[in-house]
Every structure is written in C-alpha cells, then in structure tokens.
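Structure assessment
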Amino acid sequence: MANIHFVGGEKGGVGKSLMARVLAQYMIDRNIPFLGFDTDRSHGALMRFYSGYASPVVVDRFEALDSIVEAAVELPDRRVLVDLAAQTHEPLVKWMDDSGVLGLADEVGLPLYYWHVMDSGKDSVDLLRKLLDRFGTGLRYVIVRNQVRGNDFDALEQSGEQARAVQLGAKVITVKRLHDSVINKVDAGSSSFWKAQGSSDREPATLGLMDRQRLKMWMRDVYREIDDVGV
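None of the values given here were measured: they were computed from a predicted structure.

Quick notes on the rules
Residues numbered from 1 in each chain as written. Predicted model: local features only at pLDDT ≥ 70, side-chain atom pairs only at ≥ 80, totals over all residues. Heavy atoms only, no water. Helix = DSSP H or I, 4+ residues; strand = E, 2+ residues; numbered from the N terminus. Rg over C-alpha atoms; globule rule 2.2 N^0.38 Å. Buried < 20%, exposed > 50% of the residue type's maximum accessible area, 1.4 Å probe, protein only. Contact = heavy atoms within 4.5 Å. Lys, Arg positive; Asp, Glu negative; His and termini not counted. Charge placed at Lys NZ, Arg CZ, Asp CG, Glu CD. Axes fitted to C-alpha atoms, helices over the stretch in contact; angles between N-to-C directions. Parallel < 35°, antiparallel > 145°, perpendicular 65-115°, else oblique. Nonpolar A, V, L, I, M, F, W, Y, C, P; charged D, E, K, R; others polar.

1. Notes on the overall build of the protein chain
In terms of helices and strands, the protein chain carries 11 helices and seven strands. Taken over C-alpha atoms, the radius of gyration comes to 17 Å for the protein chain, in line with the 17 Å a tight globule of 231 residues would show. Across its three principal directions, the C-alpha atoms of the protein chain cover 50 × 40 × 30 Å. Counting across all 231 residues of the protein chain, residues that qualify as buried make up 48%. A separation of at least 24 residues holds for 75% of the contacts in the protein chain among residues at least 6 apart in sequence. Separation between the mean location of the 29 positive side-chain charges and that of the 33 negative ones in the protein chain comes to 6 Å.

2. What about unusual backbone geometry?
Backbone geometry places N31, a non-glycine residue, at a positive phi of 55 degrees. Relative to the helices and strands, N31 is located in the loop between α1 (16-29) and β2 (34-38). The phi dihedral of Q87 is positive, around 65 degrees, even though this residue is not glycine. With respect to the secondary-structure elements, Q87 resides in the loop between β4 (79-83) and α4 (89-99).

3. As for the packing of helix α9 (residues 180-188) against helix α11 (residues 209-229)
Axes are the key here: two packed helices are described by the angle between their axes and the distance separating the axes. At their nearest, the axes of α9 and α11 sit 10 Å apart, and the two run at 100 degrees to each other. Between α9 and α11, the angle falls in the class roughly perpendicular. Touching S181, V182, K185 and V186 of α9 are D211, R214 and L215, all from α11. Of the residues assigned to the contact of α9 with α11, the class counts are three nonpolar, one polar and three charged.

Structure (structure tokens):
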C-alpha cells in the first residue's frame, strides 16, 4: 500500500535532510520502490545525493504539492518520501487545509507519516507541540531524537510532548551520534551512503576502511530503529 513520508521539523540544522537521506538509502537497501520529492530550492539533499530517485517540488505552489498525493495514488506500489526544508510548515498546512488533504487521504486509505526530526533544544519541543496541536490524530508521527545534533533530550521528556505524541500513536526513534569526520567526508564528496561505503562495483568507496566501518555500524543501528516504525 502506498504511503507518504514527510520528513520535517521546521527548524533549520536539526538533521531533517540527513534523516531523509537515511530513509532513501533504507528503501534502496530494502528493495522498497519509492519516489522522492525535495522542497529545498538551494541545498536540496535528496536532489544532491539521490538525484535518480528525487524531483524538486515548490511548497508555495499548490499544483506542485498536489503531485505528491497524485503520485502516491497513481503508483500504489511505491512509497513517497518528501524532504521538507526549514520554514515550510505554514505553506504545507495551508495546502493541506485548502485542499482537504487529510480527508482525501482518509477516503482513499493513504497513510500520511510525519517524521519530526529534533535536536536537544527547546525550539524543537515547541515545534512538536505546534505540530501536535495542529494535526492531532490526522498524521502518523515518528519522533526522531537526533543525537547527531545533541544527546540531552530532558527538555523533550519533561515537557510532556513526547508522552502526548505517544498517546496519539507516535513512534519514537533515536539516531545515534555519527563521528563528525565521517559525515563531513560523505557530504564533501556529495556521496550517497551507498557510494560512500563502496557498495557499487563501478565506483570506489569515498571513505577509508575505518570510516566505512563506523558508517556501517551507525546505519545498522538507525535501520533497526526504522524497522520498528515500518515504512
């Protein structure tokens, strides 16, 4: 069954695009057909690292956003992955409201997942509260505690918003910290995680032996978290 996975968090620098890239690689490695949509006009990660799977989409044009839902309905054998750039929440909400997206999704049996990527700051908690207030049970939430951007999530736990999300059916996953040098080298080479590990016979790995091992272990752990969610 088709479903749509929005990867957001609204705040810049929390690791949204990193999570979108991991999900893209997960689907490739798990042989799950998917289509990617990239809303970042200037630094689109899916377009940069997984260009063969992604297309750009402009969030302030309803016609462009419509293509996301239409693709999911017309190609039910594929997942749809949407990397939401920072500051896209309001146009996304307006599109959903004015177009009746939640009602249509319920009518045609199209699950809508929202992966809310968080760092350890209070801003991420406030944005989660705003998301839950706005959509309630209309979305299937995945709370992503991104330790790459901080490992102290006491503010989230003490706020009550994580517990509230779980009551709404949310899954909570943790992305462990990855050594800075590894992700910097992957990004510098504009490499997919696949290419960075040398998974293709046609291209050499962009990382050395030990960095490949660190990346392999990190992705194994993240994949286990994603397995618990199900895509």
